[in-house]
Structures are given as C-alpha cells and as structure tokens.
Amino acid sequence: GSGVIISPDGYILTNNHVVEGADEIEVTLTDSRRTRASVIGTDPETDLAILKSTLDKLPVITLGDSDSLAVGDQVLAIGNPFGVGQTVTSGIVSALGRSQLGINTFENFIQTDAAINPGNSGGALVDVNGNLMGINTAIYSRSGGSMGIGFAIPVSTARLVLDGIVKDGQVTRGWIGVEPNELSAELAETFGVKATEGVIITGVLQDGPAAQAGMRPGDVILKVDDKAVGNVSQLLTAVAALKPGTPSAFEVQRADKKLELNINPGVRPRPQRAVRR
C-alpha cells in the first residue's frame, strides 16, 4: 500500500483497507528511511485511515482544493504499484462525483484514467503543481490490473475525516433513523405519493429522530437544509454532514402535499467491522 504525509508532525493519510487488521505497520520513505507507524484512527465508511510516524524532517504534501477540479484536468497518481517502488503515472479527470459503486458507504469519487494498480491504494492523486487532490482507492478491472478506470477519494472528504480523527479520535456524523430508497414509479404508486424527484423513505425507525419529528414511510425527502437531494447517496451525505443535536429542516412530500419537518439528528452508529477478502 501507499500513503501521503500530510503534516510535519508525522501524520500520514492512507486507506483503511491498507492497514485494517495489520499487527505492525512499517513506513518506508523515498530517502530509504524506515520507521514503525501507529494507527491514530480509521473511518471504514470512507475507507480512510490516519497513521503517525515519529520521523523528523518529513516532506509534507500541500492539500489542494478538490472542489475546483474539472473533467479534463490533468492529474498524476503517485504510489508503489506491485511493490516495484515509487511510481508516477499521468492522466486526466474522467468524471467527478461518482457514487453508487458499492465500494464505501459515502461515495463521491474522482474518476481518472491515470494508471492505478494494486499497491497504489492510499497514494496521492495530485494536480500538475503537486497539490493533493485525492487518495487513490480503487480500480475497475477485469484482470486485476489497470484498465483506465480508477477512483480517488477527494481531499475535501479526507480533510473532514482528518479533522475529526485528530481532534476527537473519531468522525462524528448525523443520523435520522430511516430506510431510504431510490424513487421509482412503482414505489411512488405503492405509497400513493405524487413526487417525481427526491428520495422515498420506505422505513422509519421507531423512536428514532425522524419518527419523533413525524416522518412516515412513503414520505419523499426533497431537500435537507435547502439543499436538493436526488438520490440515496446524496441523502446519506447530506444527513451525515448534519451536526448531531442541532435541528435541521427537511422538505418532504407526503401524497400530494409538501411539508417541512424539523429533525434533531442523532449520532450515526459506528458500522460493524466487515471482513475484507
């Protein structure tokens, strides 16, 4: 696996699946220095992990602005594919905001055709000026090697995870206790709702934050704090960004009427540890 040094204090950003289950972690720098690293915290839902090394005089990457990326921008992928040593490959941003890939709970991937292979996971995706834009995480492949479809977690997501883990030891996300589904004509007809966009709620947890605010199965969530949600992934991300204990406005369509519910989000439960194969 690969990693990115993000502070002079020795904090290293990598993928959770790179370090998950490891008994010992050794970090090797390009100047051949080696050291043990400890895990400061992990966030399986975004597949990110923060490590710390005790080495000094570390080269530190500059965090860029992944929100400013555009399709067609040139990017470079840096990592250690197949253990051959540090390698740089180039390509472009093929797409932004890729989700529903079934890789992580929270998905908002940068897609690139820069060659990413096994061993690149946790490595840097940088712009032509060397600013960190993402953490290379996964590839689409039939052979196990690069086929020109790679995915990176944007640095905007990584920054939130980093801040949460370094300050609080964990990432705290909002949670409202619902079972969301993509809105389809069949589900709309089943629940008798006239909505053509939004996310339909097919289940509401008893005594959960949404239930206490009056949400019912069949309600379609249109907006969270005035931001439109068009699919389950967008709803998950919007709810996760809410501050637990601070009420937020949800615009909902019930049958043929629009309502506004004020939901006081709780803390999203930590996911059960999954076994990666």
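Everything quoted here is computed from the prediction, not taken from an experiment.

Here's the deal with the overall build of the protein
Argument step 1. In terms of regular secondary structure, the protein is built from five helices and 20 strands.
Argument step 2. Since a compact globule built from 277 residues should have a radius of gyration of about 19 Å, the 21 Å found for the protein is in line with a globular shape.
Argument step 3. Taking the principal axes of its C-alpha atoms as reference, the protein extends roughly 65 × 35 × 35 Å.
Argument step 4. Sequence-distant contacts in the protein: of pairs separated by 6 or more residues, those separated by 24 or more amount to 57%.
Argument step 5. Carbon together with sulfur atoms contributes 47% to the accessible area of the protein, which is approximately 14,300 Å² in total.
Argument step 6. For the protein, the distance from the average site of its 23 positive side-chain charges to the average site of its 30 negative ones is 2 Å.

Here's the deal with the pattern of salt bridges
Between side chains of opposite charge, a pair can form when the charged atoms approach closely.
Argument step 1. Per the counting criterion, the structure on display carries eight salt bridges.
Argument step 2. With a shortest N-O distance of 3.5 Å, E45 and R173 are connected by a salt bridge. Remark: R173 occurs in the loop between α2 (155-168) and β13 (174-175) and E45 occurs in the loop between β4 (34-43) and β5 (48-53); sequence separation between them is 128 residues. In this structure, E45 and R173 share a single accessibility class: buried.

Quick notes on the nonpolar core
Argument step 1. Counting 20 residues, the largest nonpolar core has V4, I6, L13, L48, I61 and L132 as its most contacted members.
Argument step 2. For this core, the secondary-structure elements that each account for two or more residues are β2 (11-15), β5, β10 (124-127), β11 (131-139), β12 (150-154) and α2.
Argument step 3. Of the residues forming this core, the biggest block, five residues, is contributed by α2.
Argument step 4. When sequence neighbours within four positions are dropped, the list of residues in contact with L13 reads G3, V4, I6, L48, A49, I50, G122, I135 and A158.
Argument step 5. Listed in part, the 16 residues of the second largest apolar core include I176, V224, F250 and V252.

Here's the deal with helix α5 (residues 232-240)
Argument step 1. V232, S233, L235, V239 and A240 are the residues of α5 that are buried. For α5, the angular spread of the buried residues around the axis is 165°, confining them to a single face.
Argument step 2. Taken together, the buried residues of α5 touch β13, β14 (178-182), β15 (199-204), β16 (220-224) and β18 (248-254).

Quick notes on the sheet that holds β4
Argument step 1. The strand order β1-β2-β5-β4-β3 describes an open sheet built from five strands, whose pairing is antiparallel. Since the sheet does not close on itself, it has two edges, and those belong to β1 (4-5) and β3 (25-28), each with one partner.

Topic: the environment of D43
Argument step 1. Among the structural elements, D43 can be located in strand β4.
Argument step 2. Look at D43 and you get buried, because its relative accessible area is 1%.
Argument step 3. Separated by 128 residues in the primary sequence, D43 and V171 place their C-alpha atoms 7.0 Å from one another.
Argument step 4. Setting aside its immediate chain neighbours within four residues, D43 contacts L48, V161, I165, V171, R173 and R270.

Let's talk about the pairing of β2
Put simply, side chains in a regular strand alternate between the two faces of the sheet.
Argument step 1. With five of five residues buried, β2 lies mostly within the body of the structure.
Argument step 2. Across two bridges, β1 lies against β2 in antiparallel orientation. Paired with I5 across the strands is I12, a residue of β2.
Argument step 3. Taken together, β1 and the strand that follows it, β2, pair antiparallel across an intervening segment of five residues, in which G10 is found at a positive phi of about 100°.
Argument step 4. In this structure, β2 lies alongside β5, joined through five bridges in antiparallel fashion. What sits directly across from I12, in β5, is L51.

Remarks on the pairing of β15
Argument step 1. Judged from the five bridges that link them, β14 and β15 form a sheet pairing that is antiparallel. Among the inter-strand pairings, V178 is bridged to a residue of β15, identified as V204.

Concerning α2
Argument step 1. Under the 1.5 Å per step criterion, the end-to-end length of α2 is 19 Å for 14 residues, consistent within 8% with the ideal 20 Å.
Argument step 2. Among all positions of α2, only V155, A158, V161, L162, G164 and I165 are buried.
Argument step 3. Where α2 is buried, its residues meet β2, β4, β5, β6 (62-63), β11 and β12.
Argument step 4. At the exit of α2 stands G169, carrying a positive phi of roughly 80°.

Rules behind the numbers
Residues numbered from 1 in each chain as written. Predicted model: local features only at pLDDT ≥ 70, side-chain atom pairs only at ≥ 80, totals over all residues. Heavy atoms only, no water. Helix = DSSP H or I, 4+ residues; strand = E, 2+ residues; numbered from the N terminus. Rg over C-alpha atoms; globule rule 2.2 N^0.38 Å. Contact = heavy atoms within 4.5 Å. Areas by Shrake-Rupley, 256 points an atom, 1.4 Å probe, with all protein chains shown as cover. Lys, Arg positive; Asp, Glu negative; His and termini not counted. Charge placed at Lys NZ, Arg CZ, Asp CG, Glu CD. Salt bridge = Lys/Arg side-chain N within 4 Å of Asp/Glu carboxyl O. Buried < 20%, exposed > 50% of the residue type's maximum accessible area, 1.4 Å probe, protein only. Core = buried A, V, L, I, M, F, W, Y, C linked by side-chain atoms within 4.5 Å. Arc of directions from axis to C-beta. Pairing = 2+ DSSP bridges. Expected span 1.5 Å × (residues − 1).

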